[in-house]
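# Fold and contact review
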Amino acid sequence: MAETRDPPVPHSESSDGVPEGERPRILTIDGPAGCGKSTVVRLLARRLDALAFSSGLIYRAVTWLALHQGIDPASASEVRAAARASRIELVERDDAIRVLIDGEDPGDALDSTRVTEAIHWIADDAVLRAALLPLQRRLPAGRLVLAEGRDLGTVVFPGAPVKVFLTASIEERARRRHAELRDRLGEEHPLQTVLAQLRRRDENDESREVAPLRPAPDARVIDTGDRTPEEVVEAILEKVPREWLPQRR
């Protein structure tokens, strides 16, 4: 495969160049793993009647695809070829955007330790990231979208009018991830193992050459370590334009 042609996802129109009235309204929420992004987005979506979108699902879906097909995630050419040969699409389900691979939703498998440990190979591939960028921007017009990830405020939607960056100590984030693996996914791992995994993931996210994890200059940084999810939601609502709030009847 030539490096600069045949992107692994179908060509699509992005929000760039679309008339202002037809663009989706975007609120970006970036931050490292375990900082509470998903929980906050779920709560905020209810308050704002918004659609939740996690860009990480796209990279997780491609990682899952590689593992599912027995491809070494470190083999960039094979991963790109598999992604190019597959139909990757975003669909709305229950007020959230899911990622389908050839019509299949991998579900909770995307959050498994197996996928998490291999995702950095996909996330660090600059060619693949560039090819997946139009797909990330293919969001429904007319809806407020809460987009969470690592580089949404800096790369994917740099013009978003509201940007938030969540953070917390690595110890607190490890505790949350440990509980999620146990309670939601049924995976039992020592807390120290989860802590070590998060350290490696932080290093990968912060040091990669393309789209490293960092707050956008105009993002509001919120430490979630000493706040409840509801308190974080209230802090974010302070930045939301009045016209984005649901009209009371």
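Residues numbered from 1 in each chain as written. Predicted model: local features only at pLDDT ≥ 70, side-chain atom pairs only at ≥ 80, totals over all residues. Heavy atoms only, no water.

## Observations concerning empty space enclosed by the protein
As a reminder, the rule being used: Space inside and on the surface of the protein is sampled on a 1 Å grid over the protein atoms alone, with a cavity defined as a set of points where a 1.4 Å probe fits but cannot get out and a pocket as an open set with protein on both sides within 12 Å along at least 5 of 7 lines; lining residues have an atom within 4 Å of a point. Grid points are joined across faces, edges and corners, and a volume is the space filled by probe spheres set on the points. Put simply, DSSP H or I for four residues or longer makes a helix, DSSP E for two residues or longer makes a strand, and each gets a number counted from the N terminus. In this classification, Asp, Glu, Lys and Arg are treated as charged, Ala, Val, Leu, Ile, Met, Phe, Trp, Tyr, Cys and Pro as nonpolar, and every other residue, Gly included, as polar.
Evaluated as defined, the whole model comprises one cavity of 30 Å³ or more. Residue lining of the largest cavity: Ala33, Thr113, Thr116, Glu117, Arg177, Leu181, Val194, Gln197, Leu198 and Arg201, and that is the complete set. At the level of elements, helix 4 (113-123), helix 7 (170-183) and helix 8 (191-207) are the ones that each hand at least two residues to the lining of the largest cavity. At four residues, helix 8 tops the list of elements feeding residues into the lining of the largest cavity. A class-by-class count of the residues in the lining of the largest cavity yields four nonpolar, three polar and three charged.

## Some words on unusual backbone geometry
The following threshold applies: Note on classification: 1.4 Å probe, protein chains only; a residue is buried when its accessible area is under 20% of the maximum for its type, exposed when over 50%, partly exposed between these limits.
Of note, Asp94 is a non-glycine position whose phi angle comes to about 55°, a positive value. For Asp94, the position within the fold is in the loop between strand 3 (88-93) and strand 4 (96-101). Residue Asp94 is classed as exposed on the basis of its relative accessible area of 79%. Phi at Asp102 takes a positive value of approximately 50°, unusual for a residue other than glycine.

## Quick word on the pairing of strand 3
This is how it is decided: A pair of strands is labelled paired if DSSP reports no fewer than 2 bridges between them.
Bridge analysis of strand 3 against strand 4 gives six bridges, and the strand direction is antiparallel. Each residue of the ladder has a partner; that of Leu90, found in strand 4, is Val99. Counting the residues between successive antiparallel strands, the hairpin from strand 3 to strand 4 contains two residues, one of them, Asp94, with a positive phi of roughly 55°.

## Some thoughts on a negative patch on the surface
Condition: Within this analysis, patches are made of residues with over 30% relative accessible area and no salt bridge. Like charges are joined at 9 Å or less; nonpolar side chains (Val, Leu, Ile, Met, Phe, Trp, Tyr) at 5 Å or less. We get accessible surface area from the Shrake-Rupley algorithm with a probe of 1.4 Å; when it comes to residues, only the shown protein chains can shield them. Note on definitions: salt bridges are taken to be side-chain nitrogens of Lys or Arg within 4 Å of carboxyl oxygens of Asp or Glu. Residues counted as positive are Lys and Arg, residues counted as negative are Asp and Glu, and His and the chain ends are not counted. To locate a charge, take NZ of a lysine, CZ of an arginine, CG of an aspartate or CD of a glutamate.
Where like charges cluster on the molecular surface, the negative patch consists of Asp223, Asp226, Glu230 and Glu231. Checked against the element boundaries, Glu230 lands in helix 9 (residues 229-237). What makes Glu230 partly exposed here is its relative accessible area of 48%.

## Details of the nonpolar core
Just so we agree on the cut-off: The criterion is simple. A nonpolar core is a set of buried Ala, Val, Leu, Ile, Met, Phe, Trp, Tyr and Cys residues joined through side-chain atoms within 4.5 Å. Should any heavy atoms of two residues lie within 4.5 Å, those residues are considered in contact.
Residues Phe53, Val62, Leu90, Leu139 and Phe157 are the most contacted members of the largest nonpolar core, which totals 37 residues. A total of nine residues in this core trace back to one element, the largest contributor, which is helix 2 (residues 56-68). If we ignore the near neighbours within four places in the chain, the residues touching Phe53 are Ile58, Leu90, Ile97, Gln136, Leu139, Val145, Leu146, Ala147 and Glu148. Leu27, Val41, Leu146 and Ile236 belong to the second largest nonpolar core, which has 23 residues in total.

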